Amino acid sequence: MRPDLHVKMDLSDAVAFNSSRLKSVVWNDFDRVKKGDVLLAICKHCNKRMSGSGTSGTSHLRNHLMRCQRRGDHDVTPLLSRGKKRGRPLSFGSTSFDQDEKNDNILPLAIVKPDEPLKDDALMVTAVNSSFDWRRSQFDLARMIILHGYPLNIVEHIGFKRFVKNLQPLFDLSTPNKVEDDCLEIYEKEKQKMFEVLDKLPGKISLSIDVCASANESQYFILSSHFINDSWQLRKKILSFLKVDSSHTEDMQADSIIGCLMDWDIDRKLFSMTSDHFSTNTIVSRIKDRLMQNRFLFGQGQLFDVQCVASVLNQMVEQAMESLRDVVPKVRETIRYIKSSKLMLEKFKKMSQKEKIEGPKFLSLDNRLRWDSTFRMLEAALVYKGAFFLLRENDLKFTSWPSDAEWEKVGSVTGFLNVFLDILNDISRSKCPTANIFFPLICDIHLKLISWCESSDEFISSLATKMRRKFDDYWENCSLGLAIAVFLDPRFKMKLVEYYFPQIYGSSSQERIKDVSGRIRALHNELSIGSPLVAVDDGLACQIGESSGGISGSSRNNRLMGFEKFLNETSQSDGVKTDLDKYLEEPLFPRNVDFNVLNWWKVHTPRYPILSMMARNILGIQMSLVSPGSAFDVLGKTLDHDRSSLSTTTLKALMCSQDWIESELES
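Here the structure is a predicted model, which means the values were calculated and not measured.

Colleague: Honestly, the sheet that holds strand β1 (residues 15-16) in this entry has me stumped. Any pointers?
Modeller: Strands pair in a sheet through their backbones, by hydrogen bonds, and they do so in one of two ways: parallel or antiparallel. Ordered by their spatial adjacency, four strands build an open sheet running β1-β2-β3-β4, and the pairing between neighbours is antiparallel. Looking at which strands have only one partner, the edges of the open sheet turn out to be β1 and β4 (49-51). Bridging between β1 and strand β2 (residues 30-35) involves two bridges; their strand directions are antiparallel. Each residue of the ladder has a partner; that of V15, found in β2, is K34. Across the sheet, helix α1 (residues 59-67) is in contact with β2, β3 (38-43) and β4; its angle to β4 comes to roughly 150 degrees.

Take a look at the structure:
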């Protein structure tokens, strides 16, 4: 009889059969009975009948107990101790431990082959412990799903179920609904930790609002916080995923975002808000107006409204590509024709050699979802223009050929695109995109646009004029923030502003430079005498005091702020130097590749206590929202099918928790 055979017979006349020879611990979980000449072992938990003959051994009984569903959360260690020598620790593979020592961090994991009984000499165990924490494993599963973006129904996948069952027979896989509940519980715990981080920040918070589309054509606002922590590290944390209701007005959408900010209790800590989509610009303006009414914004909100520079540049690229909408398809068709056969490809190579063209090894079609790929296709095609001309003369079937005028347009547009490509590469390659790095990049674009607009080529000047309208809106709104940010870079201070502004503004440059200097000093003075946030909080507290007959705290606070302003002004007139004056007087810090502006301010905070507060707030402004891999994407952010099918509450929990857990692992 096979030792693992499930015996089916009438046991009404069977008798218990005990023997002093039964030494194995497995018999604690089996009854041994005799039916005629047959010995059976009956599991006390599930009543399964197995061979109880002495010649069958006990490995099949151990194997069953390891897998028995009804056995529950029982200690499996005694089942694995066969062959252990007295006084020596039990050892399996590379893991050894003494049974007298307990380690709560190790889970019992048994590796078994499915549908095969374990053999005594082939028992493989990677970790053993006296207890199995089933609930902790459920949370580990949920965290894995959150961290790696796995679908919730992975617990129903046959391969995954089989893997888990063989890895740990005692673990009962959850349903997708239970996994969802665990994910929501993890979200609430992580949210509380995030709340405490934001509450303890030494400086202000900059926000960004991004647009994300789902597979079912719904849209979401991704609301993220950006800040420089007490260790002077730039951090980003997603705060919420808000579903966009198309029936809501922009005022209603702004109210929804403000409600989220109040939920996080950061509506009084905001410094700026960056948007990367034209549809969100108006919403940001609405939020700014609401915050200004409550006097929550620093510097009268003049640095609050920020546009994503990468988004603006990509819109300008889109205008340039639109001018070639009839030409690009012809270039693609030309490349397809050349690569249609080996014979044609060899023919084209000979024509290239005849024209003495030394260009890219191969011509390739572009990826239409990335404009940098289209740029490289056009750039390569320009190199082979002479070979294309020969092919047209010698091959009557070759008809998809751009005209000479169209090739001229391609040359002009690729000149535009090359400039934007370099700038976006510089932006996306930055590991720590603090606000100070953007001023020289944007000024270079500005000077290029001025030059292009003055070109004698009507096509170039006309296209540059269209692009400049888009750029001028951005420059008017963000140039002050860019200039102040680069001023806070000790390698440049005001020198880069003094270098670029005369080239941009000409005769009115000195007035512009003076205006930037005045805004910097005004922001510094505001930090010196106390922020508007302090005034509001004190005012609310004093209103309570007034109701109980106290002196008006609001007027007392206003008098004190006036005194602080007077003290600050008279100190300056008396020759007392502020840390701003000291910063301006000291020489520029040497420029080198390894310079980190945040490390510099971390070291120099004691010397510049007020200016360092200003640096913490302004350098944390998000001038660009693109990730390194998406700087050239034609399409925006999109959710996959699994995430798109989730409820808004669950989607928010998964996306926010994933961001928080990833950040925790990185740090």
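Colleague: What am I meant to see in the nonpolar core here?
Modeller: The nonpolar side chains of a soluble globular protein tend to be buried with one another. F439, W475, W601 and I618 are the most contacted members of the largest nonpolar core, which totals 107 residues. The element that contributes the greatest number of residues to this core is helix α14 (residues 458-487), accounting for 15 residues. Excluding anything up to four places from it in sequence, W601 contacts W232, L488, P490, Y583, Y608, L611, S612, A615 and L619.

Colleague: It is not clear to me how the packing of aromatic side chains should be interpreted in this structure. Could you clarify?
Modeller: Applying the stated criterion across every chain, the model contains 30 aromatic pairs. With a centroid separation of 4.1 Å and an interplanar angle of 85 degrees, the aromatic rings of F416 and W452 are classed as edge-to-face. With a gap of 36 residues between them, F416 in helix α12 (residues 404-429) and W452 in helix α13 (residues 438-453) connect regions that are remote in the sequence. Judged by its relative accessible area of 1%, F416 falls in the buried class. A centroid spacing of 6.3 Å and a plane angle of 70 degrees characterise the contact between Y583 and W600, whose relative ring orientation is edge-to-face. Of this pair, Y583 sits in helix α19 (residues 579-585) while W600 sits in helix α20 (residues 597-604), and the two are 17 residues apart along the sequence. Among the aromatic residues, ring-to-ring pairing joins F439, F471, Y474, W475, Y499, Y500, F501 and Y505 into one connected group.

Colleague: Could you clarify how one ought to interpret helix α16 (residues 509-529) in this entry?
Modeller: Owing to its 3.6 residues per turn, the α-helix aligns residues three or four sequence positions apart on the same side. Given a rise of 1.5 Å per residue, 21 residues ought to cover 30 Å, and the 31 Å separating the end C-alpha atoms of α16 matches this to within 8%. Among the residues of α16, S509, I513, V516, I520, L523, H524, E526 and L527 are the ones counted as buried. Considered in projection along α16, the buried side chains sweep an arc of 160 degrees and stay on one side of the axis. In α16, the exposed residues that point more than 90 degrees away from the buried face are Q510, E511 and K514.

Colleague: Whenever I open this one, the packing of α13 against α14 confuses me. Can you help?
Modeller: Helix packing for two helices is described by the angle between their axes and how far apart those axes are. Direction vectors running N to C along α13 and α14 enclose 155 degrees, while the axes themselves pass 9 Å from each other. Between α13 and α14, the interaxial angle falls into the category roughly antiparallel. The handedness of the crossing between α13 and α14 is left-handed. When its residues are assigned to classes, the contact of α13 with α14 shows 19 nonpolar, three polar and two charged.

Colleague: Help me understand the pairing of strand β10 (residues 219-228), please; the structure alone is not making it clear to me.
Modeller: Taken residue by residue, a regular strand's side chains alternate between the two faces of the sheet. For β10, the tally of buried residues reaches nine of ten residues, placing the bulk of the element in the interior. As paired strands, strand β9 (residues 205-213) and β10 are joined by eight bridges and run antiparallel to one another. Looking across to β10, one finds that D210 is bridged to I222. Connecting β9 to the antiparallel partner β10 that follows it, the hairpin turn spans five residues, and E217 within it adopts a positive phi of roughly 75 degrees. One ladder, built from nine bridges, connects β10 with strand β11 (residues 234-243); its direction is antiparallel. Across the sheet, residue S224 finds its bridge partner in β11, namely I238.

What counts, and where the lines are drawn
- Note that residues are indexed from 1 along each chain, following the sequence as it is written.
- Thresholds applied to this predicted model are a pLDDT of at least 70 for local features of residues and 80 or more for the giving and counting of side-chain atom pairs; totals over whole chains, interfaces and linings are not thresholded and use all residues.
- For side-chain calculations, the full set of non-hydrogen atoms in the structure is used, while hydrogens and water are omitted.
- Paired strands, in this sense, are two strands between which DSSP finds at least two bridges.
- Numbering of helices and strands runs from the N terminus; a helix is a DSSP stretch of H or I covering at least four residues, while a strand is a stretch of E covering at least two.
- Residues count as neighbours in contact if any of their non-hydrogen atoms are within 4.5 Å of one another.
- The convention used is that axes are lines fitted to C-alpha atoms, helices contributing only their stretch in contact, and that angles between N-to-C directions extend from 0 to 180 degrees.
- For the purposes of this section, nonpolar cores are sets of buried Ala, Val, Leu, Ile, Met, Phe, Trp, Tyr and Cys residues that join through side-chain atoms within 4.5 Å.
- Throughout, exposure labels follow a simple rule: accessible area from a 1.4 Å probe, protein chains only, divided by the maximum for the residue type, with under 20% read as buried, over 50% as exposed, and the rest as partly exposed.
- Aromatic pairs are defined between Phe, Tyr and Trp rings, using the six-membered ring for Trp, whenever the two ring centres lie within 6.5 Å; interplanar angles under 30 degrees are classed as stacked, those over 60 as edge-to-face, and all others as tilted.
- The span expected for a helix works out to 1.5 Å for each residue beyond the first.
- The directions considered for the arc are those from the helix axis to the C-beta atoms.
- An angle below 35 degrees is treated as roughly parallel, one above 145 as roughly antiparallel, one from 65 to 115 as roughly perpendicular, and anything else as oblique.
- Handedness of a helix crossing follows the sense of rotation of the near helix relative to the far helix, less than a right angle counterclockwise being left-handed and clockwise being right-handed.
- When residues are grouped by polarity, Ala, Val, Leu, Ile, Met, Phe, Trp, Tyr, Cys and Pro land in nonpolar, Asp, Glu, Lys and Arg in charged, and all others, Gly among them, in polar.

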